[in-house]
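So the chains spell out like this:
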Amino acid sequence: MFLKGKKPHLAVIAGCIFYGMNGLFIDRIHDMAITPIIFYRLFFGLLFLFIYIAGRGKISDLRLKKRKGSLFLQGVLVVMCMLLYFTCLKITCVSIAILLQYTAPVYVMLASPLVLKEKIGKESIIALFIAVTGVFLIVKPDSLSGIELTGTYILGIAAGLLSGVIFAALIMNVKILKAEYPELAIIFWPMGIALLLLSPYALKTSPEILYSNLKVLIAFGIVSIGFGEIFTILGFANLKAQTGSLLALIEPVSGVFFDITVLGVGLSFDMLAGCALILASAAFISFRGSENIKERDRKKAPF
């Protein structure tokens, strides 16, 4: 499969670029609530995935094996992460929602030694500090000082923080599932479970509104769930959880790029500096990962 094997870093980065286009699609969907948007995004994305899997003759990869509970858990985590993120987004603002969800690498770095027996390297700590600083510079809410900390607002903050915890659990659970399932199964079944859990929201949009947004929803599902999931899970499954979570911070950079080039959003110096820090962190962790792969292959070589 494309980008498999020695280039999982590029797979995560490619997936994050596709995910970064989410704002472009959301901006073009009208008169629909968030939950139906999520449902139809999943529906068309899952349909594309099935066609892709069938076209490659990989239906056998979807055969259920052990760890069915972990597959179901992944689907539940997908739904929880989406709903918590959008709850935070609705109550607070885009900046805070992104900032809180992308605390995930911190939780991965703390939990992966216990859950996955991964060692925490000094390179990961340095990259984490640089990347999180970059995310803060990109999305820092300038109006935070004028916000009244009401009960509802605190609920939004709690939802955002919890979305980061769930995102971290998603990344680590991919590594657990990789021991039993190929990447295509790790993508397909959790998305199918998420679609089933969100199916009650399918009828909350009138046929007229659905039809008027149909082309955008189809493209949204193919780009985000189709290409985004294929590349991201492919990368996560073949990288340390710590490395994958750090590279996922490319998504805010991708979002900023599309906001500027397509939606005409202005670029401040802080946003530019934040993007530079995240890209530097991703380049550093990718370079270190590539060096480790070369060293591993050298040791395996017979001569």
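Parameters and conventions
- Residues numbered from 1 in each chain as written.
- Predicted model: local features only at pLDDT ≥ 70, side-chain atom pairs only at ≥ 80, totals over all residues.
- Heavy atoms only, no water.
- Helix = DSSP H or I, 4+ residues; strand = E, 2+ residues; numbered from the N terminus.
- Contact = heavy atoms within 4.5 Å.
- Areas by Shrake-Rupley, 256 points an atom, 1.4 Å probe, with all protein chains shown as cover.
- Core = buried A, V, L, I, M, F, W, Y, C linked by side-chain atoms within 4.5 Å.
- Buried < 20%, exposed > 50% of the residue type's maximum accessible area, 1.4 Å probe, protein only.
- Phe/Tyr/Trp six-rings, centres within 6.5 Å; stacked < 30°, edge-to-face > 60°.
- Polar contact = N/O pair within 3.5 Å; in protein donor to acceptor, adjacent residues only side chain to side chain.

1. Structural notes on the overall build of the chain
Of the regular secondary structure elements, the chain holds 14 helices and zero strands. Starting at the N terminus and ending at the C terminus, the chain contains elements arranged as α-α-α-α-α-α-α-α-α-α-α-α-α-α. Within the chain, counting contacts between residues at least 6 apart in sequence, those at least 24 apart form 89% of the total. Entry remark: accessible area of the chain is about 14900 Å², with carbon and sulfur atoms responsible for 69%.

2. A short note on the nonpolar core
Core analysis: the largest hydrophobic core is formed by 78 residues, its most contacted members being Tyr-40, Leu-42 and Phe-167. Those residues in contact with Phe-167 that sit more than four places away from it in its chain are Cys-81, Gln-101, Tyr-102, Ala-104 and Ala-248.

3. Re the packing of aromatic side chains
In this structure the tally under the stated criterion is 10 aromatic pairs. Ring geometry for Phe-18 and Phe-227: centres 5.3 Å apart, planes at 25°, overall stacked. A residue pair is termed long-range when its members are at least 10 positions apart, and Phe-18 in helix H1 (residues 8-19) and Phe-227 in helix H11 (residues 214-237) qualify at 209 residues. With relative accessibility at 23%, the residue Phe-18 sits in the partly exposed group. Owing to a relative accessible area of 31%, Phe-227 belongs among the partly exposed residues under this scheme. Within the aromatic cluster, the residues linked to one another by ring pairs are Phe-18, Phe-48, Phe-227 and Phe-231.

4. Details of unusual backbone geometry
The phi dihedral of Asp-31 falls on the positive side, at around 65°, and the residue is not glycine. Mapped onto the secondary structure, Asp-31 falls in the loop between helix H2 (22-28) and helix H3 (34-55). For Asp-31, a relative accessible area of 69% gives the class exposed.

5. Describing the side chain of Gln-74
The residue Gln-74 is located in helix H4 (residues 68-91) in this model. Given the relative accessible area of 3%, Gln-74 is considered buried.

6. Some remarks on the environment of Ser-199
Along the chain, Ser-199 falls in the loop between helix H9 (183-198) and helix H10 (207-212). Expressed as a C-alpha distance, the spacing of Ser-199 and Thr-35, which sit 164 residues apart in the sequence, is 9.7 Å. Among the polar contacts made by the side chain of Ser-199, one reaches the main-chain carbonyl oxygen of Leu-196 at a distance of 2.7 Å.

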